[in-house]
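Structure assessment
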Amino acid sequence: MKGTLIVAVEDATIVDRAIDWHLRQGDMGEADWRAFVAWLEEDPAHAQAFDTVALDMALLSERADLFPAQPMVVAPVVARAPTRRLWAWVGGGTAVAAAASIALMVAPIGSGSASAAYTIETKPGQRQDVALNDGTRIELNGASRVVLDRNNPRIATLEAGEATFHVRHDPRDPFTVRSGGVTVQDLGTVFNVEREGARFEVQVAEGSVLFQPQQQAVTLRSGAAISAREDLGSLVLMKIDASKVGSWRNGVVAFGGEPFGRVTTAIRRIDGVILSIEPSLSQQPFTGMVRFTGEAARDVPHIAALVGAEWHHDGERWTISPK
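Just so you know, these numbers come straight off a predicted model, no measurement behind them.

1. What to know about the sheet that holds strand β16 (residues 275–277)
To summarise the sheet geometry, strands pair through backbone hydrogen bonds and adopt either a parallel or an antiparallel arrangement. Read across the sheet, three strands follow the order β16-β19-β18 without closing on themselves; strand pairing throughout is mixed. A strand with exactly one partner marks an edge of an open sheet, and here the two such strands are β16 and β18 (309–313). Strand-to-strand twist in this sheet, taken as the mean axis angle between neighbours without regard to direction, amounts to 20°. Of the strand pairs in this sheet, β18 and strand β19 (residues 318–322) are connected by five bridges, and their pairing is antiparallel. Following the sheet pairing, H312 is matched in β19 by T319. Together, β16, β18 and β19 form the strand contacts of helix α6 (residues 296–306), whose direction differs from that of β19 by roughly 15°.

See the structure below:
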């Protein structure tokens, strides 16, 4: 486990205190945050305990008897067997309120315009709800861009960012989402798609979708996900918690052994702020579910505390660096 941000803690008293802080994260005021940071700095074991409580118990993924893997090889791309993880909630509780700073707008779309293609783009920290005239609804995360067609509401192209699709199924005219060289076709479903550079990911909450219908034609059902890297030609199949698909809509983002630096993308979309993470920290694997409040002054210290790091703010930019 060298290089990961997951540690072992044996002192039960410290762990109990870490759990207490863990459960209070969503309701802490400025004084509480200062007390929390002071507690972390009192003893390295405190930060270790909080990491252990907040982050995923990744060692369980090594127990093949608990999580029997069934690798799927999909030609011609190279596929890896999924790593099954037990995700830890960060922020406590199961009822998660959407960040108050995020504007939610509804934009019904008609079909009377002569111009077929049009683009809907959100700024960092902004969300938009798009209702298509075929009954499909798209929830667009911040810093995202989707291209639609007035003459054909059954096609959408995600150029950047993230969106959750609630599709009205029509077996005679399946809904299609395109992104880069990837195509996803609806088979009657609710699903989330994300495009970040060369990485494309689709997660299915309800029903099923067909991934690359003209090529690999992989059917993903509820609770399944695919992460594709077009630059590497790789494809990773995963089993996920279907109830957590599109959880960004409630301010919650899951990380499963990904580089810690990906937190910067999530916080930019939800909080609309620029966060820099020093390279030595940004490449370390990070696993867990983080609840964002929509307020950088709360979210950045929270994220830094999860990995025992320190944070800085110069009035415009936020930075997280190792202590």
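2. Some points on the packing of aromatic side chains
Going through the model one piece at a time under the given rule, you end up with five aromatic pairs. Here the aromatic rings of F260 and F286 are separated by 5.2 Å at their centres, their planes lie at 70°, and the arrangement is edge-to-face. With F260 in the loop between β15 (252–259) and α4 (263–271) and F286 in strand β17 (residues 285–291), this pair connects stretches of sequence that are 26 residues apart. The pair F260 / F286 is uniform in exposure class, with both members buried. Ring pairs connect the aromatic residues F165, F175 and F191, which therefore count as one cluster. For the cation-ring pair, R150 lies above Y118, with the distance from its terminal atom to the ring centre recorded as 4.0 Å.

3. What about the pattern of salt bridges?
Overall, the coordinates contain 19 salt bridges when judged by the stated rule. Among the ionic pairs, R137 bridges to D129, the shortest N-O distance being 3.2 Å. Relative accessible area serves as the criterion here: at 31%, R137 is assigned to the partly exposed category. Taking the shortest distance from any N to any O, the salt bridge between R154 and D134 comes out at 2.6 Å.

4. Describing the packing of α4 against α6
In a packed pair of helices, the relevant descriptors are the angle between the two axes and the axis-to-axis distance. Closest axis-to-axis distance for the α4/α6 pair is 11 Å, and the angle between their directions is 165°. Between α4 and α6, the interaxial angle falls into the category roughly antiparallel. By crossing handedness, the relation of α4 to α6 is classed as right-handed. On the side of α4, the interface is formed by V263, I267 and D271, while α6 contributes A296, D299, V300 and I303. When the residues that make up the contact of α4 with α6 are grouped by side-chain class, the tally is five nonpolar, no polar and two charged.

5. Focus: α4
Counting buried residues along α4, seven of its nine residues qualify, which places the element largely inside the surrounding structure. Listed as buried for α4 are V263, T265, A266, I267, R269, I270 and D271. Looking one or two places after α4, you find G272, whose phi comes out positive at around 75°.

6. Side note on the side chain of D170
Structurally, D170 is set in the loop between β8 (155–166) and β9 (176–179). Looking at D170, its side chain comes within polar contact range of the main-chain nitrogen of R172, at 3.0 Å.

7. Regarding unusual backbone geometry
Glycine aside, negative phi is the norm for most residues, and most peptide bonds take the trans geometry. We note that A143 has phi near 55°; this positive angle belongs to a residue other than glycine. In this structure, A143 sits in the loop between β6 (137–140) and β7 (145–149). In this structure, Q212 takes a positive phi of about 50° despite not being glycine. For Q212, the location among the structural elements is in the loop between β11 (199–211) and β12 (218–221).

8. So, the environment of A309
Locating A309 in the fold gives a position in strand β18. Contacts of A309, omitting those with residues within four sequence positions, involve L281, A304, I320, S321, P322 and K323.

9. Brief notes about the nonpolar core
Counting 31 residues, the largest nonpolar core has L148, F165, F191, V202, F211 and L220 as its most contacted members. Per-element tally for this core: the top contributor is β11, with five residues. Apart from residues lying up to four places away in sequence, F165 is in contact with R137, I138, A156, F175, V177, T189, V190, F191 and V193. Core analysis: the second largest hydrophobic core is formed by 24 residues, F255, L275, F292 and A304 among them.

10. Comments concerning the confidence of the model for the chain
Chain-level pLDDT for the chain is 77 on average; 73% of the residues reach the 70-or-more range. Here residues 1–10 is a poorly scored stretch, pLDDT under 50, and it has 27 contacts once near neighbours within four places are set aside; other chains count. Segment residues 56–115: pLDDT under 50, and 129 contacts once partners within four positions in sequence are set aside and those in other chains are kept.

11. Description of the pairing of strand β14 (residues 234–239)
Sheet analysis places strand β13 (residues 224–229) next to β14, joined by six bridges and oriented antiparallel. Its bridge partner being in β14, A224 is matched across the sheet by K239. Here β13 folds back onto β14, and the loop between the two strands holds four residues, one of which, G233, carries a positive phi near 70°.

Parameters at a glance
Residues numbered from 1 in each chain as written. Predicted model: local features only at pLDDT ≥ 70, side-chain atom pairs only at ≥ 80, totals over all residues. Heavy atoms only, no water. Pairing = 2+ DSSP bridges. Helix = DSSP H or I, 4+ residues; strand = E, 2+ residues; numbered from the N terminus. Axes fitted to C-alpha atoms, helices over the stretch in contact; angles between N-to-C directions. Contact = heavy atoms within 4.5 Å. Phe/Tyr/Trp six-rings, centres within 6.5 Å; stacked < 30°, edge-to-face > 60°. Buried < 20%, exposed > 50% of the residue type's maximum accessible area, 1.4 Å probe, protein only. Lys NZ or Arg CZ within 6 Å of the ring centre and 35° of its normal. Salt bridge = Lys/Arg side-chain N within 4 Å of Asp/Glu carboxyl O. Parallel < 35°, antiparallel > 145°, perpendicular 65-115°, else oblique. Left-handed = near helix turned anticlockwise from the far one by under 90°. Nonpolar A, V, L, I, M, F, W, Y, C, P; charged D, E, K, R; others polar. Polar contact = N/O pair within 3.5 Å; in protein donor to acceptor, adjacent residues only side chain to side chain. Core = buried A, V, L, I, M, F, W, Y, C linked by side-chain atoms within 4.5 Å. pLDDT = per-residue confidence, 0-100.

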